[in-house]
Amino acid sequence: MLEVNGLHVSYGQSEVIHGVSFDMNQDETLAIMGRNGMGKTTLFKALIGVLPSGAGSIRLDGKELSGLPAHKRVAAGLAYVPQGRMIFPNLTVMENIESGLETARTRKVPREIFDLFPVLLDMRNRKGGNLSGGQQQQLAIARALVTEPKVLLLDEPTEGIQPSIIKEIARTLNDIREMKKIAILVSEQVLSFTMEIADRLTVIERGEFIHEESRATADQAKIASYLAV
Ligand SMILES: Nc1ncnc2c1ncn2[C@@H]1O[C@H](COP(=O)(O)OP(=O)(O)OP(=O)(O)O)[C@@H](O)[C@H]1O
C-alpha cells in the first residue's frame, strides 16, 4: 500500500538520500535503523512533505504523494511523529491532541485515543510541557492518530526516553497496530526496541538502504555492527 521508489532528497546541492526504495503492507511495521546523520530524519521529512524530494515516487494506495503539500499527504493517510516529539508545551494535553484534528475528517477526538492512552485522559488539563518525556511521546502519537492514518511515521521515538518507558512505547505501538491495522514506519537506533515491534528491519547508511532482514530470522549481531559508532 505504501510504495517508495528511487527517492532522492537534497539540501541545496548536497544530496542526502540517494534513491531509496521500499514497500509496506497494511498492518506491517518496518524499522529503518541507522546511526546519527545517516539520513533517517531527512527521509521522514521528505515522506511527509515538509522537505521537497527530487526524483522518485511516494505512492499510497496507488496515489502519488510526492509534490503534494504535507496537509494533503496527511489527508491521504500519512501521519508523522517527529523526532523530539514537538508537542506544544504551553497548550494543554487536550489542546495538543485537538491540534491534530485540523486535517482530520472528524472534529472530535475519537474515544479510542484514550483507550490507548488512559494517562492522557487523566492529564487532559495539564500543560504539555509538564509531562514526562514518555508521556510527551504518547501525546505526540495520540495527536498523529486523530487523523485516522493508514501509515504512521515515527522518527526515533525512543530518543531521550528511559528504558522502562521504552518498553511501554513498544507495547503501545503493538496495541495500535492490533487495534487499527495500520502500517507503522519507525526510524531507530535502539535494536532491542525494534525487535519488539518490527516485522522487517532495514539499515540505512549514508542515505542508502544497505541491508534488510525479517525479524524472525534477523541476525542481530550484524545489525548491531552497523549501528556501532
Ligand atoms: N538542514 C540541513 N542542511 C544541510 N544538511 C543537512 C540538514 N539537515 C541534515 N543535514 C545532513 O543530512 C545528513 C542526514 O541527516 P539526518 O538528520 O537526516 O540524519 P539522521 O539519520 O536522522 O540522524 P539523527 O539521528 O542525528 O537525526 C547529515 O549529513 C546531515 O548533516
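Quick caveat, the model's predicted, so the values are computed rather than measured.

Asker: I would appreciate a short explanation of the sheet that holds strand S4 (residues 57-60) in the present structure.
Answerer: An order of S2-S1-S4-S5 is seen for the four strands of this open sheet, with the pairing classed as antiparallel. Two strands lie at the open edges of the sheet, namely strand S2 (14-24) and strand S5 (63-64), each paired on one side alone. The sheet contact formed by S4 and S5 spans two bridges and is antiparallel. In the sheet register, Leu60 faces S5, and the bridge partner there is Lys63.

Asker: Any chance you could explain the site of the ligand here in plain terms?
Answerer: Within the structure, the ligand sits among 13 residues, and Tyr11, Asn36, Lys40, Thr41 and Thr42 are positioned closest to it. If you list the elements that add at least two residues to the shell around the ligand, you get S2 and helix H1 (40-48). The element best represented in the shell around the ligand is H1, accounting for three residues. Of the residues that constitute the shell around the ligand, the class distribution is three nonpolar, eight polar and two charged.

Asker: What's the story with the sheet that holds strand S10 (residues 208-214) in this structure? I'm lost.
Answerer: Strand pairing within a sheet occurs via backbone hydrogen bonds; the two strands may be parallel or antiparallel. Taken together, the six strands give an open sheet; going across it, the order is S6-S7-S8-S3-S9-S10, and neighbouring strands pair in mixed fashion. The outermost strands of the open sheet, each flanked by one partner alone, are strand S6 (78-81) and S10. Taken pair by pair, the neighbouring strands of this sheet meet at an average axis angle of 20 degrees, ignoring direction. For strand S7 (residues 151-155) and strand S8 (residues 183-188), the ladder comprises five bridges, and the chain directions are parallel. Opposite Val151, over in S8, you have Ala183 as the bridge partner. Along the sheet, helix H9 (residues 220-227) contacts strand S3 (29-33), strand S9 (200-205) and S10; its crossing angle with S9, the most-contacted strand, is approximately 30 degrees.

Asker: Looking at this structure, how should I read unusual backbone geometry?
Answerer: Glycine aside, residues mostly have negative phi, and peptide bonds are mostly found in the trans state. Its identity is not glycine, yet Glu148 carries a phi of approximately 55 degrees, on the positive side. With respect to the secondary-structure elements, Glu148 resides in the loop between helix H6 (133-145) and S7. With phi around 45 degrees, Arg206 is a residue other than glycine that occupies positive phi space. Examined against the element boundaries, Arg206 turns out to sit in the loop between S9 and S10. Since 13 C-beta atoms lie within 10 Å of it, Arg206 is described here as partly exposed.

Asker: Would you take a moment to explain helix H7 (residues 163-180) for this structure?
Answerer: For H7, built from 18 residues, the straight-helix expectation of 26 Å at 1.5 Å per residue is met to within 8% by its first-to-last C-alpha distance of 26 Å. Where the residues of H7 are buried, they touch helix H4 (112-116), H6, S8 and helix H8 (191-197). Positive backbone phi, approximately 55 degrees, marks Lys181, located one or two places after H7.

Asker: Any chance you could explain the packing of H6 against H7 here in plain terms?
Answerer: When two helices pack together, their arrangement is given by the angle between their axes and by how far apart the axes lie. Interhelical geometry of H6 versus H7 gives an angle of 20 degrees and a closest axis separation of 10 Å. Here H6 is positioned roughly parallel relative to H7, judged by the angle of their axes. For the pair H6 and H7, the crossing hand works out as right-handed. Along its contact with H6, which presents Gly134, Gln137, Gln138 and Ile141, the element H7 presents Ile165, Glu168, Ile169 and Thr172. When the residues that make up the contact of H6 with H7 are grouped by side-chain class, the tally is three nonpolar, four polar and one charged.

Parameters at a glance
- Residues numbered from 1 in each chain as written.
- Predicted model: local features only at pLDDT ≥ 70, side-chain atom pairs only at ≥ 80, totals over all residues.
- Pairing = 2+ DSSP bridges.
- Helix = DSSP H or I, 4+ residues; strand = E, 2+ residues; numbered from the N terminus.
- Near = placed C-beta within 6 Å.
- Nonpolar A, V, L, I, M, F, W, Y, C, P; charged D, E, K, R; others polar.
- Axes fitted to C-alpha atoms, helices over the stretch in contact; angles between N-to-C directions.
- Contact = placed C-beta atoms within 7 Å.
- Buried ≥ 20, exposed ≤ 12 C-beta atoms within 10 Å, placed from the backbone.
- Expected span 1.5 Å × (residues − 1).
- Parallel < 35°, antiparallel > 145°, perpendicular 65-115°, else oblique.
- Left-handed = near helix turned anticlockwise from the far one by under 90°.

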